[in-house]
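Commentary on secondary and tertiary structure
Each chain, written out:
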Amino acid sequence: MNREVTLPLIVDDHGALQVAAADVSKLLRTLGGRWVRLVEAGEEGLDEDTVATLTIELAKLADRIDVACIAHSSRR
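Residues numbered from 1 in each chain as written. Predicted model: local features only at pLDDT ≥ 70, side-chain atom pairs only at ≥ 80, totals over all residues. Heavy atoms only, no water.

The chain goes by DUF6213 family protein in an unreviewed UniProt entry, where it is assigned to Streptomyces lannensis.

Right, dumping it as structure tokens:
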């Protein structure tokens, strides 16, 4: 499965980001980590394989955001 995801980030009238990309990637990684801890704690209603897959995809998205930001910063 290879689907592209576009994240509309909030920018001001001058094009400056209002939400730091580092905060977005941290949020994605934190969310996945919390799901994993819930599964490890035996939370009912959570499928371990599904949580693992979603956590991996969130981490990949966070990685892509980080790489895009690094690429953008290095162009300056």
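Additional details are given in the paragraphs that follow.
1. As for the overall build of the chain
Helix and strand counts for the chain come out as two helices and zero strands. For the chain, buried positions account for 17% of its 76 residues. The long-range fraction of contacts in the chain, counting pairs at least 24 apart against all pairs at least 6 apart in sequence, stands at 50%. Element-wise, carbon and sulfur atoms account for 56% of the exposed surface of the chain, whose accessible area totals about 6200 Å². (Helix = DSSP H or I, 4+ residues; strand = E, 2+ residues; numbered from the N terminus. Buried < 20%, exposed > 50% of the residue type's maximum accessible area, 1.4 Å probe, protein only. Contact = heavy atoms within 4.5 Å. Areas by Shrake-Rupley, 256 points an atom, 1.4 Å probe, with all protein chains shown as cover.)

2. Overview of a negative patch on the surface
A surface patch of negative charge is lined by Glu 40, Asp 47, Glu 48 and Asp 49. The topology assignment puts Asp 47 in the loop between helix H1 (21-40) and helix H2 (48-74). (Patch = residues over 30% accessible without salt bridge, like charges linked within 9 Å, V, L, I, M, F, W, Y side chains within 5 Å. Salt bridge = Lys/Arg side-chain N within 4 Å of Asp/Glu carboxyl O. Lys, Arg positive; Asp, Glu negative; His and termini not counted. Charge placed at Lys NZ, Arg CZ, Asp CG, Glu CD.)

3. Quick word on the pattern of salt bridges
Oppositely charged side chains are able to pair whenever their charged atoms sit close together. Counted by the stated rule, this structure contains three salt bridges. Counted as one network, the salt bridges with shared partners bring together Arg 29, Asp 63 and Asp 66.

4. Observations regarding the environment of Gly 33
By the element assignment, Gly 33 lies in helix H1. By relative accessible area, Gly 33 is classed as buried at 19%. Remark: the alpha-carbon pair of Gly 33 and Thr 55, spanning 22 residues in sequence, is separated by 7.2 Å.

5. As for the packing of H1 against H2
Interhelical geometry of H1 versus H2 gives an angle of 165° and a closest axis separation of 9 Å. One finds that H1 runs roughly antiparallel with respect to H2. Handedness of the crossing formed by H1 with H2: left-handed. Only Glu 48, Val 51, Leu 54, Thr 55, Leu 58, Ala 59, Leu 61, Ala 62, Asp 63, Ile 65, Asp 66 and Cys 69 of H2 make contact with H1, whose side of the interface consists of Ala 21, Val 24, Ser 25, Leu 28, Arg 29, Leu 31, Gly 32, Trp 35, Val 36 and Val 39. Class assignment for the residues of the contact of H1 with H2 results in 15 nonpolar, three polar and four charged. (Axes fitted to C-alpha atoms, helices over the stretch in contact; angles between N-to-C directions. Parallel < 35°, antiparallel > 145°, perpendicular 65-115°, else oblique. Left-handed = near helix turned anticlockwise from the far one by under 90°. Nonpolar A, V, L, I, M, F, W, Y, C, P; charged D, E, K, R; others polar.)

6. Notes on the nonpolar core
Counting residues in each nonpolar core, the largest one holds seven residues, listed as Ala 21, Val 24, Leu 28, Leu 58, Leu 61, Ala 62 and Ile 65. Of all elements in the fold, only H1 and H2 reach the threshold of two or more residues within this core. If one sorts the elements of this core by residue count, H2 sits on top with four residues. In contact with Leu 58, other than residues within four places in its own chain, are Leu 28, Leu 31, Gly 32 and Trp 35. (Core = buried A, V, L, I, M, F, W, Y, C linked by side-chain atoms within 4.5 Å.)

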